[in-house]
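Chain by chain, the residues run as shown.
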Amino acid sequence: MTSAFPRALRAARPAWLTPKTLRVEAVSGLVVALALIPEAIAFSIIAGVDPRVGLFASFTMAVTIAFVGGRPAMISAATGAIALVVAPLAREHGVEYLLAAVVLGGVLQVLLAAAGVARLMRFLPRSVMVGFVNALAILIFTSQLPYLADVPWAVYALLAVGLVLLVGLPRLTTAVPAPLVAIVALTGFTVVAGVLVPTVGDQGALPDTLPVLGLPAVPFDLATLQLVAPFALAIALVGLIESLMTAKLVDDITDTRSDKTRESWGQGVANIVTGFFGGMGGCAMIGQTMINVKDGGARTRLSTFLAGVFVLVLVVALGQVVALIPMAALVGVMIMVAVGTFDWHSIRPATLRRMPGSETAVMVSTVVVTVATHNLAYGVGVGVLVAMVLFARRVAHLVEVTSVLDPDGSTRVYRVTGQLFFASSNDLVFAFDYAEDLETVVIDLSAAHVWDASTVAALDSITTRYEARGTTVTITGMNHNSQARHDNLAGRLAAH
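Residues numbered from 1 in each chain as written. Predicted model: local features only at pLDDT ≥ 70, side-chain atom pairs only at ≥ 80, totals over all residues. Heavy atoms only, no water.

Counting its regular elements, the chain contains 20 helices and six strands. Here the C-alpha radius of gyration of the chain, 29 Å, is well above what a compact globule of 496 residues would show, namely 23 Å. If you line up the chain on its principal axes, its C-alpha atoms span 100 × 75 × 55 Å. The 496 residues of the chain split such that 48% are buried. Long-range pairs, those at least 24 residues apart, make up 83% of the contacts in the chain with a sequence separation of at least 6. Surface exposure of the chain reaches about 23,400 Å², of which carbon and sulfur atoms provide 65%. Each charge sign in the chain was given a centre, from 30 positive and 31 negative side chains, and these centres are 13 Å apart. (Helix = DSSP H or I, 4+ residues; strand = E, 2+ residues; numbered from the N terminus. Rg over C-alpha atoms; globule rule 2.2 N^0.38 Å. Buried < 20%, exposed > 50% of the residue type's maximum accessible area, 1.4 Å probe, protein only. Contact = heavy atoms within 4.5 Å. Areas by Shrake-Rupley, 256 points an atom, 1.4 Å probe, with all protein chains shown as cover. Lys, Arg positive; Asp, Glu negative; His and termini not counted. Charge placed at Lys NZ, Arg CZ, Asp CG, Glu CD.)

Put into structure tokens, the structure is as follows:
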């Protein structure tokens, strides 16, 4: 009886409480936190806000999503994608309007999750996702260029040394994050050598206290709503797209399945909490999630939770040290983030030769629109629209009409093959010979599918033209769905 109780207690204990798992999750969470701090600061600078806004976001996003997210071990924090979206709002109207947009964006994410937006991810073509990632990389890279203009020559030397460390160290060891080593080394050198270069402290004050709950200090009126709503929608869409894409990637790596709907509304809750605590908002981070899952071996929510806690502890306790970090070090980190984010395989000549032109066009349109507008949501929207048009155009050409004349010469059977919808059925009317003297025309649709009213209208037009010449038309072979659609609409679509 005495020995049975400890065994029952161990059986009821969560998997992450086992000593081995607890150690793996804690170490992985600490490494992720160390890598998150410089990126959160750099993303804050991209957004044009104080570093504390990005650091608070990384803390609140990670801790909240650890409880409400649908993908264990995935890291959510302040990201470059969200920073790029909110930068114009923060620059022109201030951080309080940014916080209002983050809260509203979170509400929209919850509503989109309730509407089943997660299920729509399967309609996002791979070429759009590749274009999204490539555009994000380009925007992250170009956002660093202002910090390399009109600066002392020492900045370029530090950047070069930092890039060497960031590229070379992982080839020697992965025991410690290369960004951390580069930042510590360059900071130590500038402090000891007394090199005067722009630092993180020059960008704004770092937090020395815990984040405080509060409402954004903006007027709660229609004008404010009209101002922040477009940015909030962009936050919601970009955050969900990047988060659901990252969740799918982790599913593939861990051979497990996540709850995409829960992840969608979880992102919304995390952004609402983040906005109320003075954070810039965020979403899932592909790079940090890969550190956690692939390099650290983490598999539970504990690593995500501890990553957020470690971020806050480190910056509050070591804020004065963080302020000494040279901007050149962070620029180097972000350049490597951009290089690592970009899908270089997608632009290799061999890949481009094998890839259908339509797929390349979708990717390029996504990148061009995103970079031109600095809005990832616009780029994804245009990419999806281009993919739909090109797909419809390609499928439309797959419709074939063949005919056979009966031996008695009074009946011709037309066999239609393919998918009949607005793009393909418009030309269907011209595939028939109305001048032929026939008693009966049979249209065999056993190898076709009727998808929309445009096709039913085309069939009505064909029937009307033949009947005007005294020829009887019989339509046969429709499957159940096509028959139901045809029966419901045939003869009820007025011609114009």
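We now examine the packing of aromatic side chains. A complete count under the given rule lists six aromatic pairs for this structure. Here F342 and W344 contribute two aromatic rings whose centre-to-centre distance is 4.6 Å and whose plane-to-plane angle is 45 degrees, an arrangement assigned as tilted. With relative accessibility at 15%, the residue F342 sits in the buried group. When the centroid spacing of 4.9 Å and the interplanar angle of 50 degrees are considered together, the rings of Y434 and Y466 count as tilted. Of the two residues, Y434 sits in the loop between α18 (422–425) and β5 (440–450) while Y466 sits in helix α19 (residues 453–468), which places them 32 residues apart along the sequence. There is no split in this pair, since Y434 and Y466 are both buried. An aromatic cluster of three or more residues is present, and its members are Y414, F432, Y434 and Y466. (Phe/Tyr/Trp six-rings, centres within 6.5 Å; stacked < 30°, edge-to-face > 60°.)

With that out of the way, let us pick up the pairing of strand β6 (residues 472–476). Pairing geometry for β5 and β6, over five bridges, is parallel. Residue V442 lies in a different strand from β6, and its bridge partner there is T474. Traced from β5 through α19 to β6, the parallel crossover comes out right-handed. (Pairing = 2+ DSSP bridges. Right-handed = clockwise from strand over helix to strand, strands pointing away.)

Relative to strand β4 (residues 411–420), strand β3 (residues 400–405) runs antiparallel, the two being bridged by six bridges. From the neighbouring strand, S403 faces β4, where its bridge partner is Y414. Connecting the antiparallel pair β3 and β4 is a turn made up of five residues, with G409 showing a positive phi of about 75 degrees.

In this model, the largest pocket occupies a volume close to 1,500 Å³. Looking at the largest pocket, it is lined by 48 residues, and the ones nearest its centre are I286, G287, Q288, M290 and I291. Secondary structure elements with two or more residues in the lining of the largest pocket: α2 (19–47), α4 (80–93), α6 (126–142), α7 (153–172), α8 (178–193), α9 (222–254), α11 (286–295) and α14 (327–341). With seven residues, α11 is the largest single contributor of residues to the lining of the largest pocket. Each residue belonging to the lining of the largest pocket can be placed in one class, and the counts come to 29 nonpolar, 11 polar and eight charged. (1 Å grid on protein atoms, 1.4 Å probe; cavity = no way out; pocket = protein on both sides within 12 Å on 5 of 7 lines; lining within 4 Å. Points joined across faces, edges and corners; volume = space filled by probe spheres on them. Nonpolar A, V, L, I, M, F, W, Y, C, P; charged D, E, K, R; others polar.)

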